[in-house]
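Given next are the chains, with one letter for each unit.
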Amino acid sequence: MNWSVFYLVALLNTLFCLSQYLAEQLDKKRGNLPSRKSIISSSKQKFLYWEDFYTQTYGDLFGLVWITNGFIHLAIKGEITNLEWVIFIAFSIILATIFAWMNLRPSHKPDWGYPQKGKISLGGISHLPYFGILSGMALICFINIISGDLRGAPLWATLAGGLFYIIMTVADIKSGNFDEFKTV
């Protein structure tokens, strides 16, 4: 595994995550977000910020960086086929669109990215391409794991990153962070 590639991926991933956090802080400063963990109107649920989600603070910073590393190693080695590039682009766009649609529904619990029913924040806008692109990278890594083209240290690092992200997703589910909006 090329550690220079990993360090560059880690730096860029950290900067993308930081940009989402800073967009959230700008939204907060402009008065576009309620206070962190305040009770959502007509509900008993708390309003969550970027840093309240396990998948974002830990999963994105420490799990997805390893998946991205696997994807970049595949790209550098020329292991990603033309068809896989098309799949990557299409899946990235489709998943970002589905994610936005899911979060704009009335049943979505307001949060830092979607603070009101049918409204997306600057933070939410900054998260959409990140979510779509990283999801596309994960799919391409999965395809190349199945085909045997992702191997060695990048394979094991990608699997570890994926497992860690799954654990963070379960933590968000168990904590209620992904619960639907419930009125009282």
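Quick look at the structure, then. Just so it is clear, the model here is predicted, and its values are computed rather than measured.

In this model, helix α3 (residues 82-104) (23 residues) spans 33 Å end to end at C-alpha, consistent with the 33 Å of a helix rising 1.5 Å per residue. Within the span of α3, buried status applies to Glu84, Phe88, Ser92, Ala96, Phe99, Ala100 and Asn103. Buried residues belonging to α3 abut α2 (54-77) and α4 (122-147).

Tallied over the full model, the rule gives 14 aromatic pairs. Between Phe99 and Phe131 the ring centres are 4.1 Å apart and the planes differ by 25°, which places this aromatic pair in the stacked class. Of this pair, Phe99 sits in helix α3 while Phe131 sits in helix α4, and the two are 32 residues apart along the sequence. Connected via pairs of aromatic rings, a cluster forms that spans Trp3, Phe6, Tyr7 and Trp66. Taking the ring centre of Trp101 as reference, the NZ or CZ of Arg105 above it sits at 5.5 Å.

Bringing the pattern of salt bridges into the picture now. Pairing of side chains with opposite charge becomes possible as their charged atoms draw close. Tallied over the full model, the rule gives 6 salt bridges. Notably, a salt bridge pairs Arg36 with Asp52, separated by 2.5 Å at the nearest N-O pair. On the criterion of sequence distance, the pair formed by Arg36 in the loop between α1 (3-29) and α2 and Asp52 in the loop between α1 and α2 is long-range, its members being 16 residues apart. Between Asp52 and Lys37 there is a salt bridge, with the nearest N and O atoms lying 3.9 Å from each other. Linking Asp52 in the loop between α1 and α2 with Lys37 in the loop between α1 and α2, this pair joins segments that are 15 residues apart in sequence. Each of the salt bridges in this network shares a partner with another, and the network as a whole consists of Arg36, Lys37, Glu51 and Asp52.

Analysis parameters
Residues numbered from 1 in each chain as written. Predicted model: local features only at pLDDT ≥ 70, side-chain atom pairs only at ≥ 80, totals over all residues. Heavy atoms only, no water. Helix = DSSP H or I, 4+ residues; strand = E, 2+ residues; numbered from the N terminus. Expected span 1.5 Å × (residues − 1). Buried < 20%, exposed > 50% of the residue type's maximum accessible area, 1.4 Å probe, protein only. Contact = heavy atoms within 4.5 Å. Phe/Tyr/Trp six-rings, centres within 6.5 Å; stacked < 30°, edge-to-face > 60°. Lys NZ or Arg CZ within 6 Å of the ring centre and 35° of its normal. Salt bridge = Lys/Arg side-chain N within 4 Å of Asp/Glu carboxyl O.

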